[in-house]
Amino acid sequence: MPHQVARFDQESHARCFIPCPRLTFLIHKPDNLVCQICQETRLTFASHRNTTTEWADNTPAILPCGHVFGFRCLERWLQISNTCAICRLAIRYECGHRIPPVAITAGTVLFLPRTIPYGGTIPSKCTQCSITTGNLAPVDLVEGWARARRLYVETGEKEWIDVCIIHLNRIEAALRDRLPGCFSW
Ligand SMILES: [Zn+2]
Ligand SMILES: [Zn+2]
Ligand SMILES: [Zn+2]
């Protein structure tokens, strides 16, 4: 019956909308989560910390819109499409580069970026473009750090170590939100 099929799809789509994955995966542990690209793979949250970056078919992966799919399917999908398979949100930075799927595992779940429905935003540029265009500010900071380091080497004055550390802390703070897969899309 077509009506039932449509209803099933709608329910499955709704189940794959996970705007707050931290809460959902750590507390509610969604069951019956099926990848809506292949409509086949049952997604499972790896509760052990996985040290590999090779994610499996059944590793859940999230997009900025909050829709979750199987990692491998999503990767393949984003190679041929610029949009989310469910809501059609554009999955591109303004610089034109692809937003990579973000795997949801015990090791990543606490560092996931906020989804758009949960108040997150997509940065205008990918990390690489932000760094190369100097948009990320650290270019100046890195120069400051290199200068202080050079002065320490040349003069041996310990104060330059402190200046180095101040610069390093600022670089780290500027980069913290922009590390791929960590806090930001
Ligand atoms: Zn799939
Ligand atoms: Zn979506
Ligand atoms: Zn880019």
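Residues numbered from 1 in each chain as written. Chains lettered and ligands numbered in written order. Predicted model: local features only at pLDDT ≥ 70, side-chain atom pairs only at ≥ 80, totals over all residues.

Per an unreviewed UniProt entry, the chain carries the name RING-type domain-containing protein and comes from Podospora appendiculata.

I would appreciate a short explanation of the overall build of the chain in the present structure.
Helix and strand content of the chain: six helices and three strands. Listed N to C, the secondary structure of the chain is α-α-β-β-α-β-α-α-α in terms of helices and strands. The 185 residues of the chain split such that 26% are buried. Taking as baseline every contact in the chain between residues at least 6 positions apart, the subset at least 24 positions apart corresponds to 58%. (Helix = DSSP H or I, 4+ residues; strand = E, 2+ residues; numbered from the N terminus. Buried ≥ 20, exposed ≤ 12 C-beta atoms within 10 Å, placed from the backbone. Contact = placed C-beta atoms within 7 Å.)

Explanation requested: the nonpolar core in the structure shown.
One recurring pattern in soluble globular proteins: nonpolar side chains tend to sit buried together. Judged by nonpolar contacts, the single largest core of 27 residues is most densely connected at Ala61, Ile62, Val68, Phe69, Leu74 and Ile104. Among the elements of the structure, β1 (60–62), β2 (68–70), α3 (71–80) and β3 (102–103) are those that each provide at least two residues to this core. Ranked by residues supplied to this core, first place goes to α3 with five residues. Ignoring anything within four residues of it in the chain, the contact list for Phe69 reads Cys16, Cys35, Gln36, Ile37, Ala61, Leu74 and Ala85. (Core = buried A, V, L, I, M, F, W, Y, C linked by C-beta atoms within 7 Å.)

Can you help me understand helix α2 (residues 21–28) in this one?
Residues that lie three or four places apart on an α-helix share one face, since the helix turns once every 3.6 residues. Every buried residue of α2 is listed here: Pro21, Thr24 and Phe25. Along α2, the residues classed as buried sweep out an arc of 85 degrees about the axis, all on the same side. Turned more than 90 degrees away from the buried face of α2 sit Leu23 and Ile27, all of them exposed. Once α2 finishes, Lys29 follows within two positions and takes phi at roughly 45 degrees, a positive value. (Arc of directions from axis to C-beta.)

Could you clarify how one ought to interpret the confidence of the model for the chain in this entry?
Detailed reading of the predicted coordinates is not advisable wherever pLDDT falls low. In the predicted model, the chain carries a mean pLDDT of 84, and the fraction of residues at 70 or more is 82%. Considering each helix and strand of the chain separately, the mean pLDDT is smallest for helix α1 (residues 2–15), with a value of 68, and largest for β2, with 97. In the predicted structure, residues 1–6 sits below a pLDDT of 50 and forms zero contacts with residues beyond four places in sequence or in another chain. (pLDDT = per-residue confidence, 0-100.)

Can you walk me through α3 in this structure?
For α3, every residue scored as buried is listed here: Phe71, Arg72, Cys73, Leu74, Trp77 and Leu78. Turning to α3, the residues buried within the fold contact β1, β2 and β3.

For this particular structure, what's the right way to read the sheet that holds β1?
Read across the open sheet, the three strands follow the order β2-β1-β3; overall the sheet is antiparallel. Only two strands of the sheet have a single partner each, and these edge strands are β2 and β3. Sheet strands in contact with α3 are β1, β2 and β3, and its direction is about 100 degrees off that of β2. (Pairing = 2+ DSSP bridges. Axes fitted to C-alpha atoms, helices over the stretch in contact; angles between N-to-C directions.)

What exactly am I supposed to notice about the environment of Ile104 here?
Take Ile104: it is sitting in the loop between β3 and α4 (127–132). Between the C-alpha atoms of Ile104 and Ala46, which are 58 residues apart in sequence, the distance is 8.2 Å. Residues within four places of Ile104 in sequence aside, it is in contact with Pro21, Phe25, Phe45, Pro60, Ala61, Ile62, Val109 and Leu112.

Explain unusual backbone geometry here, please?
Negative phi characterises most residues that are not glycine, and trans characterises most peptide bonds. One non-glycine residue with positive phi stands out, namely Gln39, at about 55 degrees. Position of Gln39 relative to the elements: it lies in the loop between α2 and β1. Even without glycine at this site, Arg88 takes up a positive phi of about 70 degrees. Its place among the elements puts Arg88 in the loop between α3 and β3.

Please clarify how the environment of Glu172 should be interpreted in this entry.
Relative to the helices and strands, Glu172 is located in helix α6 (residues 159–176). Sequence-wise, Glu172 and Leu141 are 31 residues apart; in three dimensions their C-alpha atoms are separated by 10.0 Å.

Could you clarify how one ought to interpret the environment of Ile18 in this entry?
With respect to the helices and strands, the residue Ile18 is situated in the loop between α1 and α2. Taking the C-alpha atoms as reference, Ile18 lies 5.1 Å from Gly66; in sequence the two are 48 residues apart. Among residues more than four places away in sequence, those in contact with Ile18 are Thr24, Ile62, Gly66 and Val68.

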